[in-house]
Amino acid sequence: MAGLAEVLRLRSDRIHTTPALRASMLRCHHRRMADASKSDLARILDDDPVANEEADLFNRGPFADRVVQVLSNVAAQTPSAVFGLLGPWGSGKTSALEMVRRRLENTGQWSVVQLNPWMVADLPSLIDEFFRTLITAVPKAAGAGGLREKLARYAGTVASASSPLRLLGIDAPGAVSGLQALIEGDVSLESRRTDLEGALEDLECPIILILDDLDRLQPDELLLIFKLVRLLGRLPNTYYLLAFDERTAIDVLTQTGLANDDPARALAYLEKVVQIRLDLPPAHPMQVERLLDESLTAIIEHHEVEWSLDDQKRLGAAYTTHMKRYLREPRQVKRYCAQVEALYPLVRGEVNFADFAIVTFLRTFHPGLVPTLLLHRSELTRTAFDFGRKKTRDESAALWRQRVEEVVADPADVESVLGLLAGMFGVIGSVVDGIHMSGHSSSADRRSVETDEYFDRYFYLGVSDSDIADATVRSAIGELLAGAPGASWAAVVSIIHEHGPIALDKLRRFAPTDSSTARCIAPHVAQLGPVVPERGFLDRGQPLWRIWLAELIDAAEPDDPNAFARELVEKSSILAVARACHASTQRAQEESLDPSPTMVAVIAEIVRLIRESLEAQALLPVTETTDVYGLLSYWTIFEPGADVREWFSRAVEVGRWAFPDAFALFASVGTLSGAHGPVPALGDANTELLEAAVGLHEASSLLPDDFTIQSEPHWGTDVSFEARRLSVMNAVARWSKQIAAHDSTQIEDGVADS
């Protein structure tokens with residue numbers, strides 16, 4: 001399975017890469033393929049600092065070594081110093097700190113303690129925890145107890161004295177209540193400090209206090225930490241390593257009274273606190289790309305994702321053109337990949353992975369966009385009915401740009417978001433300038449987000465009750481091919497009654513098209529005919545079923561076509577199979593093709609079965625017959641030269657059919673979509689069929705002498721025997737009246753000519 005690195009390598013004709021860069025990508029790919037395991041997948045969701053050097057993907061080791069060396073050099077020259085480890089959010093500062101901490105401890109020359117102020121509840125507790133952490137750094141060796149006591153006394157004096165802490169509005173005496181118990185007498189702050197400094201100078205190992213996540217603090221909390229370090233904590237053999245994002249720290253300090261909304265003052269204060277800045281080197285783009293590549297590949301391999309080369313290139317193009325600018329830091333990559341890993345199992349195998357990866361990217365970095373896409377679902381899936389004036393290309397492009405601008409916080413991101421949307425939705429890609437859509441054979445075949453069938457899965461993260469999982473459909477087909485229809489096939493059949501087009505479309509797309517498969521599953525498909533309801537002319541269920549059954553008949557090569565035809569009829573009905581065969585012959589005629597040998601043989605057997613059924617129907621009273629209209633219709637369609645009139649005349653003579661009741665046999669009955677579901681509807685009388693079976697002149701003579709044309713509702717829902725008979729009799733009477741009028745006109749014209 002190709003990873004992102006290989007995807008980019010495949011697109012090297014479009015992306016500016018050097019041979020060395022492509023070679024490096026390829027080495028990353030081969031190493032990753034060899035080392036991929038479940039631990040890789042676990043690492044995607046893990047935002048903890050690196051636990052060992054092997055997990056250091058960004059080669060921070062040399063930097064950590066240098067930081068330790070700088071600390072040692074400075075410690076040899078000055079009794080106390082404040083170091084700042086600076087880097088953007090998510091750049092790996094905590095991991096770098098952890099590597100520095102381990103190195104310092106391994107030297108045996110430092111007493112290392114850590115404090116994360118972000119984990120402390122309030123300001124008084126922050127003061128308390130700051131000094132308690134310093135106290136724990138004092139070795140417990142012989143003679144050190146006095147030093148700990150002096151440090152505790154100094155902290156207590158700080159809390160009770162009139163110190164700069166009061167500038168922060170803190171109730172200092174209550175801040176270190178636990179330490180106050182160690183204090184006796186009333187000694188000045190300076191006296192306590194002098195006494196403490198003398199004791200600290202005798203320490204064998206200097207103390208270093210590491211403070212992380214300072215950029216997450218509130219303004220008053222951050223200012224307090226800096227005051228503690230700058231004014232109260234600068235003691236001999238005491239050093240501080242502060243980690244924070246400089247830009248964020250300046251923004252936070254700007255909100256304090258110290259800076260008074262002046263970023264320059266905030267920066268100046270920060271420079272006074274931090275004496276030595278250690279800028280964390282940014283992650284190299286190749287290293288970030290490797291992390292993304294390994295993370296996505298671990299997801300792909302763990303979930304056995306199947307995706308085409310075209311989709312791999314499409315995701316590679318989206319990353320290179322639009323996503324890369326967001327994924328510059330390790331945390332951004334992990335945040336994104338964690339979302340993919342967390343959500344993809346909900347729709348595993350049910351969506352296009354490239355589309356899912358892009359939608360998840362937009363959900364992660366622009367969550368406000370999701371409601372907008374859901375709001376315009378019908379437009380994006382091209383299922384909307386637009387009865388107004390059609391928008392021009394420029395108007396549509398401007399409208400989508402406006403929609404994106406309303407929900408994207410940074411204007412600089414608008415073009416990237418539009419580009420990503422254009423790559424997934426043709427309706428956007430066709431109007432946004434500079435966006436060229438690559439061709440795809442079928443959006444539904446690739447489970448595209450732009451299809452009505454799959455759109456909801458990407459946003460609601462599941463298969464709804466009105467849908468059926470692709471995995472279930474594939475399993476159902478497997479059951480049929482194994483000759484053992486089971487639970488999956490039953491699930492497909494159960495949903496077809498309410499949602500026929502969805503299930504049938506999937507079955508048709510997923511089923512193999514070879515002759516043996518067609519022969520195997522055609523009877524099962526024929527059995528679906530009675531299950532698929534007629535819902536009116538807008539519904540695709542029955543037409544789709546007929547098309548698919550016809551395709552299977554064309555593809556099948558049965559040893560005995562007649563037996564094959566009878567099996568299809570037994571599973572469905574004569575008329576249902578006849579309709580499917582008619583759909584095939586119509587399509588073949590439109591494309592100037594000859595029907596397949598199997599289709600020809602099946603139609604011949606269907607005609608024989610039609611005549612056989614009609615013979616049986618002729619022995620019944622007209623009021624008890626069924627399907628005579630359809631049987632006669634398809635007989636005339638499949639055998640245009642058949643002498644239907646002779647057969648019908650004989651049926652009337654020897655059977656139980658008589659006029660005018662027999663007129664009801666020539667009325668069509670269709671289906672309309674009603675408010676509460678499909679309803680039968682009476683159609684027009686089929687005068688062509690009546691001409692073929694009886695003859696219109698003969699039919700006119702069979703009307704009762706006193707019959708007059710009566711009113712009837714057009715497309716009425718009364719399909720009773722009486723309504724059908726009246727409909728045809730009215731049609732015959734109107735025809736007779738038109739003929740009489742025509743003959744009269746001709747006679748008048750002849751007299752005039754004479």
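Residues numbered from 1 in each chain as written. Predicted model: local features only at pLDDT ≥ 70, side-chain atom pairs only at ≥ 80, totals over all residues. Heavy atoms only, no water.

Caption draft 1: How the structure looks around the overall build of the protein chain. Each helix and strand in the protein chain was counted, giving 34 helices and seven strands. Across the 754 residues in the protein chain, those meeting the buried criterion constitute 50%. For the protein chain, the share of sequence-separated contacts (at least 6 apart) that also reach a separation of at least 24 residues comes to 75%. Accessible area for the protein chain stands at about 35,900 Å²; split by element, carbon and sulfur atoms hold 51% of it. (Helix = DSSP H or I, 4+ residues; strand = E, 2+ residues; numbered from the N terminus. Buried < 20%, exposed > 50% of the residue type's maximum accessible area, 1.4 Å probe, protein only. Contact = heavy atoms within 4.5 Å. Areas by Shrake-Rupley, 256 points an atom, 1.4 Å probe, with all protein chains shown as cover.)

Caption draft 2: Broad picture of the packing of helix α25 (residues 515–528) against helix α26 (residues 541–555). α26 packs onto α25 with a crossing angle of 150° between their chain directions and a minimal axis gap of 8 Å. Here α25 runs over α26; the crossing is left-handed. Across from S515, A518, I521, A522, V525, A526 and L528 in α25, the residues of α26 making contact are W545, W548, L549, L552 and A555. The residue makeup of the contact of α25 with α26, split by class, is 11 nonpolar, one polar and no charged. (Axes fitted to C-alpha atoms, helices over the stretch in contact; angles between N-to-C directions. Left-handed = near helix turned anticlockwise from the far one by under 90°. Nonpolar A, V, L, I, M, F, W, Y, C, P; charged D, E, K, R; others polar.)

Caption draft 3: View of the side chain of D467. You can see D467 is positioned in the loop between α22 (455–460) and α23 (470–481). A polar side-chain atom of D467 sits 2.8 Å from a polar atom in the side chain of R457. With near-sequence residues (within four places) excluded, D467 lies in contact with E453, R457, I495, I502 and K506. (Polar contact = N/O pair within 3.5 Å; in protein donor to acceptor, adjacent residues only side chain to side chain.)

Caption draft 4: Expanded view of the nonpolar core. With 146 residues, the main nonpolar core has Y336, L421, L632 and F666 as its most contacted residues. In contact with L632, other than residues within four places in its own chain, are L614, V644, W647, F648, F666 and L689. Membership of the second largest hydrophobic core comes to 49 residues, among which are F131, L151, F244 and Y269. (Core = buried A, V, L, I, M, F, W, Y, C linked by side-chain atoms within 4.5 Å.)

Caption draft 5: Main features of the pattern of salt bridges. One pass over the structure, following the stated rule, counts 32 salt bridges. With a shortest N-O distance of 2.8 Å, D311 and R314 are connected by a salt bridge. Of this pair, D311 and R314 both sit in helix α14 (residues 309–323), three residues apart, which is roughly one turn of that helix. Side by side, D311 and R314 carry an identical accessibility label, which is buried. The partner of R325 in a salt bridge is D413, and the shortest N-O contact between them spans 2.6 Å. On the criterion of sequence distance, the pair formed by R325 in the loop between α14 and α15 (330–343) and D413 in the loop between α19 (393–407) and α20 (414–424) is long-range, its members being 88 residues apart. Overlapping salt bridges bring together E350, E453, R457, D467, D470, D505, K506 and R509 as one network. (Salt bridge = Lys/Arg side-chain N within 4 Å of Asp/Glu carboxyl O.)

Caption draft 6: Focus on the packing of aromatic side chains. For the coordinates displayed, the defined rule picks out 22 aromatic pairs. Both rings, one in W635 and one in W647, keep their centres 6.0 Å apart while their planes meet at 85°; by these two values the pair is edge-to-face. Of this pair, W635 sits in helix α30 (residues 628–638) while W647 sits in helix α31 (residues 644–654), placing them 12 residues apart in sequence. By the burial criterion, W635 is buried, and W647 matches it. In this structure an aromatic cluster arises from ring pairing among W635, W647, F648, W657, F659, F663 and F666. The ring of W400 has R403 lying over it, and the distance from NZ or CZ to the ring centre is 4.6 Å. (Phe/Tyr/Trp six-rings, centres within 6.5 Å; stacked < 30°, edge-to-face > 60°. Lys NZ or Arg CZ within 6 Å of the ring centre and 35° of its normal.)

Caption draft 7: Highlighting the environment of V305. Counting through the fold element by element, V305 comes out in the loop between α13 (285–302) and α14. Taking C-alpha positions, V305 is 7.1 Å from G349, a pair spaced 44 residues apart along the chain.

Caption draft 8: Here's a closer look at unusual backbone geometry. Between F659 and the following residue, P660, the backbone shows a cis peptide bond with an omega angle of 10°. Within the secondary structure, P660 is located in the loop between α31 and β6 (667–674). For D213, which is not glycine, the phi torsion reads 60° and is therefore positive. Its location among the elements puts D213 in the loop between β3 (207–211) and α10 (219–232). Not every positive phi belongs to a glycine, and N260 is a case in point at roughly 55°. Mapped onto the elements of the fold, N260 is located in the loop between α11 (246–254) and α12 (263–273).

Caption draft 9: Structural detail: the confidence of the model for the protein chain. Taken over all residues, the pLDDT of the protein chain has a mean of 82, while the share at 70 or more is 81%. Here residues 7–37 scores under 50 on pLDDT; set against residues more than four positions off or in separate chains, the count is 43 contacts. Here residues 162–185 is modelled with pLDDT under 50, and outside its nearest four sequence neighbours on either side it reaches 47 contacts, counting other chains as well. (pLDDT = per-residue confidence, 0-100.)

Caption draft 10: Geometry of the environment of L222. Its place among the elements puts L222 in helix α10. Measuring from C-alpha to C-alpha, the distance between L222 and W118 comes to 9.6 Å, with 104 residues separating the pair along the chain. Beyond its immediate chain neighbours, meaning those up to four positions away, L222 contacts L214, L217, A249, V252 and L253.

Caption draft 11: Summary view of the pairing of strand β1 (residues 80–86). Here β1 lies mainly inside the structure; seven of its seven residues are buried. Going residue by residue along β1, you find S80, V82, G84 and L86 tucked away on one face and A81, F83 and L85 tucked away on the opposite face as well. Pairing of β1 with strand β5 (residues 276–279) involves four bridges; the strand directions are parallel. Residue L86 lies in a different strand from β5, and its bridge partner there is D279. (Pairing = 2+ DSSP bridges.)

Caption draft 12: Main features of α19. Taking 1.5 Å of rise per residue, the 15 residues of α19 would be expected to cover 21 Å, and the 22 Å separating its terminal C-alpha atoms lies within 8% of that figure. The set of residues buried in α19 consists of S396, A397, W400, R403 and V404. Projected down its long axis, α19 carries its buried residues within an arc of 125°, all on one side. Residues of α19 that are exposed and point more than 90 degrees away from the buried face comprise D394 and E406. Where α19 is buried, its residues meet α17 (369–375), α18 (377–380), α20 and α21 (426–429). (Expected span 1.5 Å × (residues − 1). Arc of directions from axis to C-beta.)

Caption draft 13: Summary view of α12. All of the buried residues in α12 are A266, Y269, L270 and V273. For α12, the arc enclosing every buried residue in end-on projection is 100°, short of the 170-degree limit, so these residues lie on one face. Exposed residues pointing more than 90 degrees away from the buried face of α12 are listed as A264, E271 and K272.

Caption draft 14: Seen up close, the packing of helix α29 (residues 597–617) against α30. Direction vectors running N to C along α29 and α30 enclose 140°, while the axes themselves pass 10 Å from each other. Crossing geometry of α29 relative to α30 is assigned as left-handed. Of the residues in α30, those touching α29 at I603, I606, V607, I610, R611, S613, L614 and Q617 are V628, L631, L632, Y634, W635 and F638. The residue inventory of the contact of α29 with α30, partitioned by class, reads 11 nonpolar, two polar and one charged.

Caption draft 15: Highlighting the sheet that holds β5. Taken together, the five strands give an open sheet; going across it, the order is β2-β3-β4-β1-β5, and neighbouring strands pair in parallel fashion. This sheet does not close on itself; its edge strands, each paired only once, are β2 (111–115) and β5. Averaged over all adjacent pairs, the angle separating strand axes in this sheet is 20°, with direction ignored. Packed on one face of the sheet, helix α6 (residues 123–137) meets β2, β3 and β4 (238–244) and runs near 160° to β2.

Caption draft 16: Examining the environment of L126 more closely. Note on placement: L126 falls in helix α6. Taking the C-alpha atoms as reference points, L126 and E221, separated by 95 residues in sequence, lie 8.0 Å from one another. With near-sequence residues (within four places) excluded, L126 lies in contact with P117, V120, E221, L224 and I225.

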